[in-house]
Amino acid sequence: DQNSIWMVMAQIEVRYNTPASSRLAMMYLERALAEGRKTAEVYSSLGLAYLRLEQLEKGREMLEQALKINPNRADAQSFLQQLDDRLRKENRNLR
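Rules used in this analysis
- Residues numbered from 1 in each chain as written.
- Predicted model: local features only at pLDDT ≥ 70, side-chain atom pairs only at ≥ 80, totals over all residues.
- Heavy atoms only, no water.
- Core = buried A, V, L, I, M, F, W, Y, C linked by side-chain atoms within 4.5 Å.
- Buried < 20%, exposed > 50% of the residue type's maximum accessible area, 1.4 Å probe, protein only.
- Helix = DSSP H or I, 4+ residues; strand = E, 2+ residues; numbered from the N terminus.
- Contact = heavy atoms within 4.5 Å.
- Salt bridge = Lys/Arg side-chain N within 4 Å of Asp/Glu carboxyl O.

Considering the nonpolar core
Here comes step 1: Counting 26 residues, the largest nonpolar core has Met26, Leu29, Leu46, Leu51 and Leu63 as the members making the most contacts within it.
Here comes step 2: Contributing elements (two or more residues each) for this core: helix H1 (2-16), helix H2 (19-34), helix H3 (40-52), helix H4 (56-69) and helix H5 (74-94).
Here comes step 3: With eight residues, H3 is the largest single contributor of residues to this core.
Here comes step 4: Each residue touching leucine 46, except ones within four places of it in the same chain, is listed here: Met26, Leu29, Glu30, Leu33 and Met62.

Given below as C-alpha cells:
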C-alpha cells in the first residue's frame, strides 16, 4: 500500500533528528496525508518534524490534530507538554 511506504520512509527520517531528515520526514508525511492517511500517527510524527525545524505553531497544530483523532496518543501528549514547558521557560527568561 502506497500510504504505508510514505509512513515507513517518514519514520526512518524522523529517527535521525537532523534538519534534512526532518524536512524529508515532513515531505513523506504530507504525502501520506494527501493520499488519505489521516491518522493520529501521521499527525503526531508530522508535529515532531515541525517542532524539530522550529516551526512551533505548525507543530502544535499537527499534535493537536493527532489528539483530536486519538486523545490517548501518548507521544503527541508528551511533545505538546515539552513544547508548553519550553515556551513557559522562554517567557520567564524574557522578564
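As for the environment of isoleucine 69
Here comes step 1: Tracing the chain through its elements places isoleucine 69 in helix H4.
Here comes step 2: A C-alpha to C-alpha distance of 5.6 Å links isoleucine 69 and alanine 40, two positions 29 residues apart in sequence.
Here comes step 3: Excluding its chain neighbours within four sequence positions, the residues that come into contact with isoleucine 69 are Lys38, Thr39, Ala40 and Tyr43.

Describing unusual backbone geometry
Here comes step 1: Although it is not a glycine, glutamate 54 adopts a positive phi angle of roughly 65°.
Here comes step 2: Within the secondary structure, glutamate 54 sits in the loop between H3 and H4.
Here comes step 3: Overall, the relative accessible area of 48% leaves glutamate 54 in the partly exposed class.

Description of the pattern of salt bridges
Here comes step 1: In this structure the tally under the stated criterion is nine salt bridges.
Here comes step 2: Its salt-bridge partner being glutamate 41, residue arginine 37 comes within 4.0 Å of it at the nearest N-O pair.
Here comes step 3: The partly exposed category is assigned to arginine 37, whose relative accessible area is 22%.
Here comes step 4: For glutamate 41, a relative accessible area of 29% puts it in the partly exposed group.
Here comes step 5: Across the salt bridge formed by aspartate 84 and arginine 60, the nearest N and O atoms sit 2.7 Å from each other. Here the residue aspartate 84 occupies a position in helix H5, and arginine 60 occupies one in helix H4, the gap between them amounting to 24 residues.
Here comes step 6: A residue is classified by how much of its surface remains accessible, and aspartate 84, at 26% relative accessible area, is partly exposed.
Here comes step 7: Relative accessible area serves as the criterion here: at 17%, arginine 60 is assigned to the buried category.
Here comes step 8: Here the salt bridges share partners, and the residues they tie into one network are Glu54, Arg86 and Glu90.

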